[in-house]
Amino acid sequence: MTRITVDLIRKKAEHNEGILENLEEISLHQLHLERIEVIASCCKHLKILYLQNNLIPKIENLKRLKELVYLNLALNNIKKIEGLQSCESLGKLDLTVNFIGVDTFEESILNLRKCVHLKSLFLSGNPCCDFEGYRKFVIATLPSLKKLDGKEITKSERIVARQELKDVRKELREKSGVTPEPEGDDDDNDSDNEAFTAENRLKWHLEELQEEKEKEEARQKAMSIKQPPDPLKEARKKMSKKVTYVPEGKLPAQRNMPRVKFSFDEDDEGNLIAIIEAPKFLDTSMIEVDVHPRWFQCIIKDKNLLLHTPEEIHPDKTRLKRLLHNGHLHIIMPKVHWRKGKVLGKKGDENLPKNVNSTKQAREEELQRREKLAVDYRNIISNNKKAKEKAEEARMVTGNIGFLTHKRAYELEETSKTASAADAKDDGNESSDCDEDDSEVPPLM
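Residues numbered from 1 in each chain as written. Predicted model: local features only at pLDDT ≥ 70, side-chain atom pairs only at ≥ 80, totals over all residues. Heavy atoms only, no water.

Visitor: It is not clear to me how the packing of aromatic side chains should be interpreted in this structure. Could you clarify?
Guide: Given two aromatic rings, their pairing is described by the distance between the two centres and the angle made by the two planes. By the definition in use, this model includes four aromatic pairs. Geometrically, the ring pair formed by Tyr50 and Tyr70 is edge-to-face, given 5.6 Å between the ring centres and 90° between the ring planes. Taken together, the residues span a long stretch of sequence, with Tyr50 in strand E2 (residues 48-50) and Tyr70 in strand E3 (residues 70-72) at a distance of 20 residues. Ring geometry for Phe105 versus Tyr134: centroids 5.7 Å apart, planes at 45°, classification tilted. Of this pair, Phe105 sits in helix H3 (residues 102-110) while Tyr134 sits in helix H4 (residues 134-141), and the two are 29 residues apart along the sequence. Residues Phe105 and Tyr134 agree in their burial class; the two are buried. Each member of the aromatic cluster is reached from another via a ring pair, and the members are Phe105, Tyr134 and Phe137. The ring of Tyr70 is capped by Lys92, whose NZ or CZ atom sits 4.8 Å from the centre of that ring. (Phe/Tyr/Trp six-rings, centres within 6.5 Å; stacked < 30°, edge-to-face > 60°. Helix = DSSP H or I, 4+ residues; strand = E, 2+ residues; numbered from the N terminus. Buried < 20%, exposed > 50% of the residue type's maximum accessible area, 1.4 Å probe, protein only. Lys NZ or Arg CZ within 6 Å of the ring centre and 35° of its normal.)

Visitor: Would you take a moment to explain the sheet that holds strand E7 (residues 151-152) for this structure?
Guide: By way of backbone hydrogen bonds, the strands of a sheet pair with one another, either parallel or antiparallel. If you walk across this open sheet you meet the seven strands as E1-E2-E3-E4-E5-E6-E7, and the pairing is mixed. The sheet terminates laterally at strand E1 (25-27) and E7, the two strands that pair on one side only. As judged from the two bridges shared by strand E6 (residues 147-148) and E7, these two strands associate in the antiparallel manner. Directly across from Lys147, in E7, lies its bridge partner Glu152. (Pairing = 2+ DSSP bridges.)

Visitor: Teacher, can you tell me more about the packing of H3 against helix H6 (residues 165-176) here?
Guide: For any two helices packed against each other, one specifies the inter-axial angle together with the distance between the axes. Where H3 meets H6, the axes come as close as 7 Å, and the angle between the chain directions of the two elements is 135°. Between H3 and H6, the angle is such that the two are oblique. For the pair formed by H3 and H6, the contact residues are Val102, Asp103, Phe105 and Glu106 on the first element and Arg169, Leu172, Arg173, Lys175 and Ser176 on the second. (Axes fitted to C-alpha atoms, helices over the stretch in contact; angles between N-to-C directions. Parallel < 35°, antiparallel > 145°, perpendicular 65-115°, else oblique. Contact = heavy atoms within 4.5 Å.)

What follows is the structure, encoded as C-alpha cells:
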C-alpha cells in the first residue's frame, strides 16, 4: 500500500517546482492510500486537496489546514464525517460514493456546523441518502449551505426543512437505533459478502492486487522464453564495448558507434589533436578515454569511438581538454618522432626529411618579403608638395600664373625682367663688337 510521504508530495508538486511551503493545490488521487498523514505539517497554506478514489477509512490529520477551501474525498471508505471542525475556510466538500450510514449521519452533519463557510456539499452515493428526510435534515442543520449534491437550495425549501426538522430528526433516530436482523441462510451470507461496503471494498482491492501480481509473474515467465537474438543488434552491442585486448602487431577495427563528428589537427609543438564533437550538455563523467601508441578509443554514453592515429604518439603524455562553450573534447597527443625544428626518423628510415623550417625562420622570411613591398608613407606628402611647387614655377615662366598668389607672381615677374635686361645688355655689347669687325671686312664686289 502507498503511504503519503514528503517525497511523494514534492513529486506531485512539480507545478510549484517542488516547493511545499507555499503550495496551494495538490492531487493525490488513485494512489491506493489508506491514511491521511504528513500533509497538514508540510503544506500549511494548502487550499485545494484531491484525495478521491483511494481506500481512506477516516478523515484525520487535517486540523492545521486553516486555509483549505476545497476537499475531495469521493470514492473512499469513509463512514463518518469528522476532523474538519478546524478547517475554518472550507467552502466545498465532496464525499460522493462513501459509506456514511444512517447511524452516523446525524453526528456527521452536526460536525459540519462549525464550518460556517461551507457552501457546497456532495453526499450522493452514500447509504444515508436512502433516508427519506436526508435532504431536509441537511438543509435545516447547515444554514450556510447553498448547494446539496449539485442542486441549489431554495428559500421555500429551507423554510419547509426547518419546520419539519423535529419530525425528521425523530424518524432518523428511530432508524439509526434499529438493530440488525439475525443471520439467515447461506444465500444471505453470500449476498452480504457481495454487498458494497467499506470492508468488502478493501477486500476486493487486495484481490485485484493479487491478480495483477499473478498476471505480472505469468508475463515475466512468458518473456523468459527469449527469441533468437538479432545478429545486427548483437554486433552493435559488441562494437560499443570497450576494447581491452588487441593481439600484438595488430590494430583494432575503427568504429564510430556514438555517431559523433571528429577531426584531426596539429600544432607547432608537435602535438596531434583529435577534436571530438561531444554533445554540449553531456556530463563529463559519461566520457571515458583510453589512448594507445597507434590508436585511441573514446567511450561516450557506453558507445565506443575508436580511431587510428596517423603517427605514433606518447600515451602517457596525452592531455584532455573539454570546451565549455560547445562541449567539444580535445585529445592532445604528443608525437614520438618530433622535436622542435626537426623530425626524427626511425632507425633505417632514410625517406623521412631531417630538416624542417622552423616557425621563427618562416616569420623572418615573411618580414623580409613585406619590407620589399613596403612604402615610406612619411615622405609622401612632402615629396608631393615639392613636385607641385616646381610645376607651378614652370607655369609662371610660360605665362600661366592664374593659380599662383600675387606676391609669388610679382617676384617671378621682377626676376624675369632683371634677366631680360641683362640679356639685352649682353646683346648690345656683342653687336658693337660685330660692327667693329665689319668695318675691316672688304666690301663685296
